[in-house]
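Here is what each chain is made of, one letter per residue.
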Amino acid sequence: MILLTDYKKRKIRFTFERIKHLEDSHPEMKNQISKINETLESPDCIIKSKSDLSIEMFYKYYESTPVKEKYLCIVVKFKNGDNFIITSYFIDTIKKGVQLWKKK
């Protein structure tokens, strides 16, 4: 397990099971832990999930990724101090929803 920290200094678990899931489901996510860490620490914006209010989606734009220029989205569940990454993927646009935070 890797322990990461977000921009609010909250600890977030990133288990080896989740890393394997990412690499199997989204091969372009292989070797992207540094970008995941950077996105958590310095996101462009954070959106609250519409379907699960304990989930926040961290977005950061990258000009260079394995799949051209994209946003990196990291889906994090915050539950009673047990915070963990559910998934992460590259995407063209930021999903609609309640914006919790935006970079100035």
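Here goes a summary of the coordinates provided. What you see is a predicted model, and the numbers here were worked out from it, not measured in a lab.

## A few points about the nonpolar core
Ile36, Leu40, Ile74, Val76 and Ile85 are the most contacted members of the largest nonpolar core, which has 17 residues in total. For this core, the elements supplying multiple residues, two or more each, are strand S2 (11-14), helix H1 (16-25), helix H2 (33-41), strand S4 (55-62), strand S5 (70-79) and strand S6 (82-91). Here the element with the most residues in this core is S5; it accounts for four residues. Among the nonpolar cores identified, the runner-up in size contains nine residues, and Ile55, Tyr59, Cys73 and Tyr89 belong to it.

## Quick notes on the environment of Lys50
Turning to its location among the elements, Lys50 is positioned in the loop between strand S3 (45-48) and S4. Lys50 sits 47 residues away from Gly97 along the chain, and the two C-alpha atoms are 6.3 Å apart.

## Here's the deal with the pairing of S2
Covered by surrounding structure in S2 are Ile12 and Phe14 only, the residues Lys11 and Arg13 on the alternate face being uncovered. In sequence, strand S1 (residues 2-5) turns back onto S2 through a hairpin of five residues, with Lys9 there showing a positive phi of about 70 degrees.

## Considering H2
Turning to H2, its buried residues are Lys35, Ile36, Thr39 and Leu40. Here the buried residues of H2 occupy an arc of 135 degrees about the axis, which is enough to place them on one side. Contacts made by the buried residues of H2 are with S1, S2, H1, S4, S5 and S6.

Quick notes on the rules
- Residues numbered from 1 in each chain as written.
- Predicted model: local features only at pLDDT ≥ 70, side-chain atom pairs only at ≥ 80, totals over all residues.
- Heavy atoms only, no water.
- Core = buried A, V, L, I, M, F, W, Y, C linked by side-chain atoms within 4.5 Å.
- Buried < 20%, exposed > 50% of the residue type's maximum accessible area, 1.4 Å probe, protein only.
- Helix = DSSP H or I, 4+ residues; strand = E, 2+ residues; numbered from the N terminus.
- Pairing = 2+ DSSP bridges.
- Arc of directions from axis to C-beta.
- Contact = heavy atoms within 4.5 Å.

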